[in-house]
Amino acid sequence: MSKMNLTRRGVIKTGAIAGAGLAMPTYLSAQTQSGYTNAPNGDTVTLGFNVPQSGPYADEGADELRAFELAVEHLNGEGDGGMLSTFSSKVLDGTGILGKKVAYVSGDTQTKSDAARASAKSMIEKDGAIMISGGSSSGVAVAVQGLCQEAGVVFMAGLTHSNDTTGKDKKANGFRHFFNAYMSAAALAPVLKQLYGSDRAAYHLTADYTWGWTQQESIQAATEALGWTTVNNVLTPLAATDFSAYITPVLNSGADVLVLNHYGGNMVNSLTNAVQFGLRDKQVNGKNFEIIVPLYSELMAKGAGANIKGIVGSQNWDWKVESQMGARYTGTNAFVQSFGNKYGFPPSQAAQTCYAQTLLYADAAARAGTFNPCAIGEALAGFEFDGLGNGPTLYRADDHQCFKDVLVVKGAENPEDEFHLVEIVEVTPTEQVTYAPDHPMFAGGALGACNPGA
Amino acid sequence: MFAIEKKDTTLLLIVAVLTMCAPFILNPFPTDSAMAQFNAGYPDLMQRFVIFGIFAIGFNILFGLTGYLSFGHAAFLGVGSYSAVWMFKLLSMNVIPAIILSVIVAGVFALIIGFVSLRRSGIYFSILTLAFAQMSFALAYSVLTPITNGETGLQLSLNDPRILGTSVSADGGIPVTSLFGLEMRSTYEMHVGPWLFQFNAGYYLCALLMLLAFYISIRIFRSPFGLMLRAVKSNQQRMSYTGLNARPYTLAAFVISGMYAGLAGGLLAAMDPLAGAERMQWTASGEVVLMTILGGAGTLIGPVLGAGFIKYFENIFSKINDNVLHSWFSFLPDGLEDLMVTLVHPFVGKGWSLTLGLMFMAVVIFLPGGLVQGGQKIGKLFRRKKAAGHRSSTATKPAE
């Protein structure tokens, strides 16, 4: 079969190509000019907003993107300035960041780790993004945070509630403003005791990934400390849409509380299934059967409709918090107003955390005087601020987690309109939800050293 | 040359030149021009082009030659990724052991699945492979969580043992994947006027392996073994009447294509050390079928083209948001601008799969031989002008 037709031209051609191919790797080396990845050298700075535009968290993703767009507008001095006027740090003046106009690129995480990393990579490698933010699933947030650490850019986590994001999987380049599962449990426990007593048997349905696991663990620990027992914990796939098969066994398990460790579309479906099976009208052990949804949002309440009435959960922030709980939560009304003016409805907690993260990043860069991720990390670590809607807040240096008040909320019995589906039961003060950095639920990881890349 | 015919040598050389010059070819627009949106010459996407090219070349050995349509090839890709990441966790960050192990594990896995699935042909074979792949996905997703880390995906951490390497790099981070010290992520940037070209070490490793894979695939296509596989496709009954047992041939083809998929999976992990269960989902298996058919099943170059086409859409079109659209149509009067944006909006951004679907339909309806057939038609158009009625038997025939 073999044919060897050697021509002079052919040999030279092949030799040149093979030589070029073999020599190529020796020319390759990381280039250092500015000391860090994607140093902006024009008159703009590019941020990357990586949100789920498809999959079970698409609603949250859409709201996050709206908040990012609004934050960029405000940073560039367009619009009414939103929370810039209430923010305790005053270095941002509406001229972009460090005199550079803020531009942004957006991408779809598809709520999949792989796709999210591909999208984030293209933002870093192609568009020159200096910071990545977003994400509505802790699995994705953990994956993208790892990528940003390797690439040497800052990751400002959006909606991610798993303990692991700033626990086992924490990274020096990653920062989280949102609260976490431990804080939810700590805030919920006293309210649960008051509402349902200290002698209850709980049955958990848990989304099968990092967020579900840590939330279930946190809630179980907090409720067992009250004297509750845990009957069973069943893991459900994130992609599941019908939970009837998981609800049926609950009926005969002897449990009198169902804890749904689900979020977004998952929670809407599982709650609807549970109500359809008549769980809420049931009497078990002489007590009313109750359902708890530890992590809550207006968007989910909207999806679940009437089924959400009276169901207790926790939130990072609510758009009504300043008008109902007082001026401690200043910034909320300013943000709600500018968001409402632009989009015609109040923002969700996902939107608020993403907006706050963008402002916090910009402020840290302005205070540090550079976009170098290590300098920004130093500016954020241990930073105390106020006026972003959550009251006085601390960005703890040990794990890059924000500590602030947590809201305990309930589905409204008679909502006046579709924006008042959730009512605030009480606000749990920061001290009650604070934990030691080496708490067992957060142990096992290390921040490592900050990586400026290049 | 290379013990293959002249025509194939030319094809191999063309592919070699294209892959080696990809950083130039894929970045035709200056960095700060409006058209830079369509540049695809950045390391991550170039790596994906060649890695999925390998995946599709391997799939084509099975589907293009024997006609057995496997709907579960993503399982091998996923298994390859998991084995590679485990190698990075346990052994060292060198990519060689990881890639070797991923190929071996995927091969063994393919042998087991192939042994069972190949007892049936046609639609039953497809369903069996699909079932196996979905089973592997479910296992990786929830049952085997200690090995796969479930939905979160398997990742490296600072306290992995890495017995032949270091757990923590000198500057306190997780060490990066490398080839004997040459970091996979290291990139040489070349500024030529307004253009920026990026030459990435990882990409060139993938590209060389793809050329090797392509060469092996040419050898298989032109070998007596390849002829046997074609015989299976054209008439398996007749083949068995002549006293030949088809199963060893199909099983060999299945295992080879499984190993190609394992190589692709291992390379994915070597470029970015993370393995997620969604790599094994049926949508991922369907994607490689689309790549092969879009490019031209049974042709040598087709699957590579198809892979590039789909990955380009997924990564470039999905990033065009309304902001970008507004800047494109800003020269139009306001009302007209909004109208154009509204019209184009469903086809870009998150609607990229809709555009891809329409393209796929158009290709299947008008060019059943895939993009390769399209290229041949165009080529013929020009050739006819030069020398009418020139022989056309050299054209690569798409599989029946």
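Given the structure is predicted, the values throughout are model-derived calculations rather than measurements.

Engineer: Is there a simple way to explain the overall build of chain A in this structure?
Structural biologist: Scanning chain A from terminus to terminus reveals 14 helices and 17 strands. On C-alpha atoms alone, chain A measures out to a radius of gyration of 24 Å, which is about the 22 Å that the 2.2 N^0.38 rule sets for 454 residues. Each principal axis of the C-alpha atoms in chain A carries an extent, and together these give about 95 × 65 × 40 Å. Look at the contacts in chain A between residues 6 or more apart in sequence, and 72% of them connect residues 24 or more apart.

Engineer: Would you mind going over the interface of chain B and chain A with me for this structure?
Structural biologist: How big an interface is tends to be expressed through the accessible area that disappears when the partners come together. Across the contact, 44 residues belong to chain B and 47 residues belong to chain A. Going through the elements one at a time, α1 (6-20), α3 (43-66), α6 (123-143), β4 (187-192) and α8 (201-222) of chain B are the ones with two or more residues in the side of chain B that touches chain A. Broken down by class, the residue content of the side of chain B that touches chain A amounts to 18 nonpolar, 14 polar and 12 charged.

Engineer: I keep staring at the nonpolar core and nothing clicks. Help me out?
Structural biologist: In a soluble, globular protein the nonpolar side chains are often hidden away together inside. Core analysis: the largest hydrophobic core is formed by 239 residues, its most contacted members being Val144, Leu258 and Leu271 of chain A together with Ile54, Phe55 and Ala264 of chain B. Here this core gathers at least three residues from each of two domains, domain 1 (44-179 + 321-404) and domain 2 (182-315) of chain A. Residues in contact with Val144 of chain A, not counting those within four places in the same chain, are Asn50, Ala116, Arg117, Ala120, Ile132, Gly135 and Phe155 of chain A.

Engineer: Mind showing me how you'd approach the confidence of the model for chain A here?
Structural biologist: If pLDDT is low for a region, its predicted coordinates should not be looked at in detail. Chain-level pLDDT for chain A is 88 on average; 93% of the residues reach the 70-or-more range. Every residue in residues 24-32 of chain A scores below 50 in pLDDT, and together they form 20 contacts with partners more than four places removed in sequence or on other chains.

Engineer: Explain the confidence of the model for chain B to me, please; I cannot follow it from the model alone.
Structural biologist: On average, chain B scores 87 in pLDDT, and the residues at 70 or more come to 96%. Across the assembled chains, the prediction reports ipTM 0.82 with pTM 0.85.

Engineer: Looking at this structure, I do not really get the sheet that holds strand β8 (residues 257-261) of chain A. What am I missing?
Structural biologist: Strands belonging to one sheet form pairs held by backbone hydrogen bonds; the direction of such a pair is parallel or antiparallel. All names here are of chain A. Read across the open sheet, the 7 strands follow the order β7-β6-β8-β11-β12-β16-β17; overall the sheet is mixed. A strand with exactly one partner marks an edge of an open sheet, and here the two such strands are β7 (229-236) and β17 (422-428). Across the sheet, the mean angle separating the axes of adjacent strands is 20 degrees when strand polarity is ignored. Sheet analysis places β8 next to strand β11 (residues 290-295), joined by 3 bridges and oriented parallel. Bridge pairing in β11 links Leu258 to Ile291. Helix α5 (residues 181-196) rests against β8, β11, β12 (312-315), β16 (406-411) and β17 of the sheet, and its axis sits at about 50 degrees to β16.

Engineer: Looking at this model, I keep getting lost on helix α8 (residues 264-276) of chain A. Mind explaining?
Structural biologist: The α-helix advances 3.6 residues per turn, and as a result positions three or four apart in sequence lie on the same side. All names here are of chain A. With 13 residues, α8 should reach 18 Å at 1.5 Å per residue; the first-to-last C-alpha distance of 19 Å fits that figure. Burial of α8 is extensive: 11 of the 13 residues sit out of reach of the surface. Within α8, burial applies to Gly264, Gly265, Asn266, Met267, Val268, Asn269, Ser270, Leu271, Asn273, Ala274 and Val275.

Engineer: What exactly am I supposed to notice about the UniProt feature "domain: Leucine-binding protein" (unreviewed entry) in chain A here?
Structural biologist: As annotated in UniProt, the feature "domain: Leucine-binding protein" (unreviewed entry) corresponds to residues 44-410 of chain A in the numbering used here. Span residues 44-410 of chain A is 41% helix and 20% strand, its end C-alpha atoms 44 Å apart.

Engineer: Can you walk me through the sheet that holds strand β14 (residues 393-395) of chain A in this structure?
Structural biologist: All names here are of chain A. With respect to topology, 3 strands assemble into an open sheet ordered β13-β14-β15, the strand pairing being antiparallel. Edge positions in the sheet fall to β13 (384-385) and β15 (402-403), since each of these pairs with one other strand and no more. Where β14 lies against β15, 2 bridges are found, and the strand directions are antiparallel. Opposite Leu394, over in β15, you have Phe403 as the bridge partner.

Engineer: Help me understand the domain arrangement of chain A, please; the structure alone is not making it clear to me.
Structural biologist: Residues and elements named next belong to chain A. One can read the domain layout of chain A as domain 1 (44-179 + 321-404) and domain 2 (182-315). The distance between the C-alpha centroids of domain 1 and domain 2 comes to 29 Å. Residue-level contacts link 16 residues of domain 1 with 18 residues of domain 2. Residue assignment for the side of domain 1 that touches domain 2 shows that the elements contributing at least two residues are α2 (58-75), α4 (138-151) and α12 (349-368). Within the side of domain 1 that touches domain 2, the residues separate by chemical class into 5 nonpolar, 7 polar and 4 charged.

Engineer: Honestly, the pairing of β16 of chain A in this entry has me stumped. Any pointers?
Structural biologist: For a regular strand, side-chain orientation follows a simple rule: the groups alternate between the two sheet faces. All names here are of chain A. Along β16, 5 of the 6 residues are buried, which leaves the element largely enclosed by surrounding structure. Note that β12 and β16 share 4 bridges and pair antiparallel. Paired with Gln315 across the bridge in β16 is Leu407. Note: β16 against β17, 6 bridges, orientation antiparallel. Bridge pairing links Val409 to Ile424 in β17.

Reading the values: rules and limits
Residues numbered from 1 in each chain as written. Chains lettered and ligands numbered in written order. Predicted model: local features only at pLDDT ≥ 70, side-chain atom pairs only at ≥ 80, totals over all residues. Helix = DSSP H or I, 4+ residues; strand = E, 2+ residues; numbered from the N terminus. Rg over C-alpha atoms; globule rule 2.2 N^0.38 Å. Contact = placed C-beta atoms within 7 Å. Nonpolar A, V, L, I, M, F, W, Y, C, P; charged D, E, K, R; others polar. Core = buried A, V, L, I, M, F, W, Y, C linked by C-beta atoms within 7 Å. Buried ≥ 20, exposed ≤ 12 C-beta atoms within 10 Å, placed from the backbone. Domains from an automatic or database assignment. pLDDT = per-residue confidence, 0-100. Pairing = 2+ DSSP bridges. Axes fitted to C-alpha atoms, helices over the stretch in contact; angles between N-to-C directions. Expected span 1.5 Å × (residues − 1). UniProt positions renumbered as here; feature names shortened; annotations may be inferred.

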